[in-house]
Amino acid sequence: MKGQPIWGAPAGAASRGRRRRGAGPLAVVAGTLLLLVTACGGGGTADNGKGGAAPGKQDSQQVENAASQAVVTITPKDAAVDVATSGALKVTAENGKLTTVTVTDSKGMPVEGTMSADATGWQPVRHLAAATKYKVHAVAEDEAGRESAKDTTFTTLEPKNTFIGHYTPEDGQTVGVGMPVSINFTRGITNPEAVEAGVKVTAVPSVPVESHWFGNDRLDFRPEKYWAPGTKVTVELNLDGVEGRPGVYGKQAKSFSFTIGRSQVSTVDASAKTMTVVRDGKTVKTIPITAGAPATTTYNGQMVISEKYKVTRMNGATVGFGGEYDIKDVPHAMRLSTSGTFVHGNYWASPGTFGSANVSHGCVGLRDVRGAGDGSMPAAWFFDNSLIGDVVIVKNSKDKQIAPDNGLNGWNMSWSEWIK
């Protein structure tokens, strides 16, 4: 069989054989494979029966494989540091719309944001926390439905100067119906809108609660009327990162709650020299009192008990009187004003004074014993039956109305003044 090509021989050997006589079995197989590849539409084309590719199919596949035209931009740039806590974070999309924006802090807590109406912009609802690392993930989609994504991390500034708010009442406390939320800041605030936006007060059952600034360092919240008994009030302080004044940032991120107890409103009639205690709408006790003497009258108005001391010292020099009294053991004292107005026990006046004469330096005195040890005394009863936040109203005194910021006494402002 000399001269015949050998199956499996090298290609060069086959080419040196009698290839010109006709196609051998290898050539037939190769031709068949070529035909199969063409018929299966290799390379993205297909025979339409007329020797060409089906119209539009190749173009459609090219569109699917093309990159998205949507461009996502995140400000600040990736790995940025000392980023401002307000106004710096923005996510935008060009040639498309944002479909996903997630921002989380270093603890994995999400940052709430708002999307623009046309879905081309996103920004956080409120300020960011200071000295915190954030991760941003954003996805946009173009008109053809193709997506593009971007991820960024950045760290906010670490403030050199900070402020906090000292608040009342305390977490978990049960208080009277007149108790406002009162926050005293350690630095004067020059950006009150930003600070106020960082404080949220809610009540269950729900009732509108509004804020009012007293000066630049005190912010109070209250409803239009006294709280309803049993109301639970929650305060959220989201002040971490709030720029309260240039270069001075808040550092609190916490919440606290308190509960409104039974309703108790006591009315002192300075002229009649009595105090009537009304609890849940019913009079439970009428107590003889002594109010301010003619030269040192008691303020009129609605006052809220802000502190209680079973025994305390009262020195006239601390409230503007010059050495007129310094009593080291005043029993059953309950503060009504910052300037020194109290309801308290009085053991130094004769029993006949109460209900018949006004002899105090502006306080409301109730009969008591030295040392606060007799629970049957009127002052002891009132002390034991009063809560921080209970209301004491003084009327018919020959004095002016107490200032709303002198103690927790914002109830002496009309609602229209309060919300102005």
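A few points on the structure. (Residues numbered from 1 in each chain as written. Predicted model: local features only at pLDDT ≥ 70, side-chain atom pairs only at ≥ 80, totals over all residues. Heavy atoms only, no water.)

### Some remarks on the side chain of H332
Right, so step 1: Following the sequence through the fold, H332 ends up in strand β25 (residues 326-335).
Right, so step 2: What makes H332 buried here is its relative accessible area of 2%.
Right, so step 3: Within the local environment of H332, its side chain forms a polar contact with the side chain of D368, the two groups lying 2.6 Å apart. (Helix = DSSP H or I, 4+ residues; strand = E, 2+ residues; numbered from the N terminus. Buried < 20%, exposed > 50% of the residue type's maximum accessible area, 1.4 Å probe, protein only. Polar contact = N/O pair within 3.5 Å; in protein donor to acceptor, adjacent residues only side chain to side chain.)

### Considering the sheet that holds strand β16 (residues 232-238)
Right, so step 1: Taken in spatial order, the 4 strands make up an open sheet running β11-β19-β16-β13, and their pairing is mixed. In the strand order of this sheet, the two ends are held by β11 (174-175) and β13 (199-204), each with one partner.
Right, so step 2: Taken together, the 7 bridges between β16 and strand β19 (residues 253-260) define a ladder with antiparallel strand orientation. Pairing of T234 across the sheet is with S257, part of β19. (Pairing = 2+ DSSP bridges.)

### Describing the packing of aromatic side chains
Right, so step 1: Tallied over the entire structure, the rule returns 7 aromatic pairs.
Right, so step 2: With a centroid separation of 5.8 Å and 80° between ring planes, the pair formed by F163 and F185 is classed as edge-to-face. Taken together, the residues F163 in strand β9 (residues 161-163) and F185 in strand β12 (residues 181-185) connect sequence positions 22 residues apart. We note that F163, like F185, is buried.
Right, so step 3: Summarising the aromatic geometry, the rings of Y167 and F256 are spaced 4.0 Å apart at their centres and angled 10° between planes, so their arrangement reads as stacked. Placement of Y167 in strand β10 (residues 165-168) and of F256 in strand β19 is noted, with a sequence separation of 89 residues between them.
Right, so step 4: For Y167, a relative accessible area of 24% gives the class partly exposed.
Right, so step 5: Taken together, the ring pairs in this structure connect F163, F185 and W213 into an aromatic cluster. (Phe/Tyr/Trp six-rings, centres within 6.5 Å; stacked < 30°, edge-to-face > 60°.)

### Some remarks on the nonpolar core
Right, so step 1: Counting 52 residues, the largest nonpolar core has F185, L366 and F382 as the members making the most contacts within it.
Right, so step 2: When sequence neighbours within four positions are dropped, the list of residues in contact with F382 reads Q264, S266, M275, V277, I287, M334, V343, L366 and V392. (Core = buried A, V, L, I, M, F, W, Y, C linked by side-chain atoms within 4.5 Å. Contact = heavy atoms within 4.5 Å.)

### With respect to the environment of N238
Right, so step 1: As for its placement among the helices and strands, N238 is situated in strand β16.
Right, so step 2: Here the alpha-carbon distance between N238 and E196, two residues 42 residues apart in the chain, equals 9.7 Å.
Right, so step 3: Leaving out residues up to four positions away in the same chain, N238 has contacts with H127, G198 and Q252.

### Regarding the pairing of strand β6 (residues 121-124)
Right, so step 1: Note that strand β3 (residues 90-94) and β6 share 2 bridges and pair antiparallel. The partner of T92 across the bridge, within β6, is G121.
Right, so step 2: Here 3 bridges tie strand β5 (residues 113-115) to β6, and the two strands are oriented antiparallel to one another. In the strand pairing of β6, M115 is matched with W122.

### Quick look at the sheet that holds β6
Right, so step 1: Strand order in the open sheet formed by 4 strands is β1-β3-β6-β5, with antiparallel pairing between adjacent strands. Because the sheet does not close on itself, it has two edges, and the strands there are β1 (71-75) and β5. Each adjacent strand pair in this sheet contributes to an overall mean axis angle of 15°, direction not counted. (Axes fitted to C-alpha atoms, helices over the stretch in contact; angles between N-to-C directions.)

### Some words on the pattern of salt bridges
Right, so step 1: Within the structure shown, the criterion is met by 7 salt bridges.
Right, so step 2: Among the ionic pairs, R146 bridges to D142, the shortest N-O distance being 3.0 Å.
Right, so step 3: Residue classification places R146 among the buried residues on the basis of a relative accessible area of 18%.
Right, so step 4: A residue is classified by how much of its surface remains accessible, and D142, at 6% relative accessible area, is buried.
Right, so step 5: Between E307 and R335 there is a salt bridge, with the nearest N and O atoms lying 2.6 Å from each other. Linking E307 in strand β24 (residues 307-315) with R335 in strand β25, this pair joins segments that are 28 residues apart in sequence.
Right, so step 6: Residue classification places E307 among the partly exposed positions, given a relative accessible area of 28%. (Salt bridge = Lys/Arg side-chain N within 4 Å of Asp/Glu carboxyl O.)

Take it as geometry only, folks, not as evidence of what the structure does.
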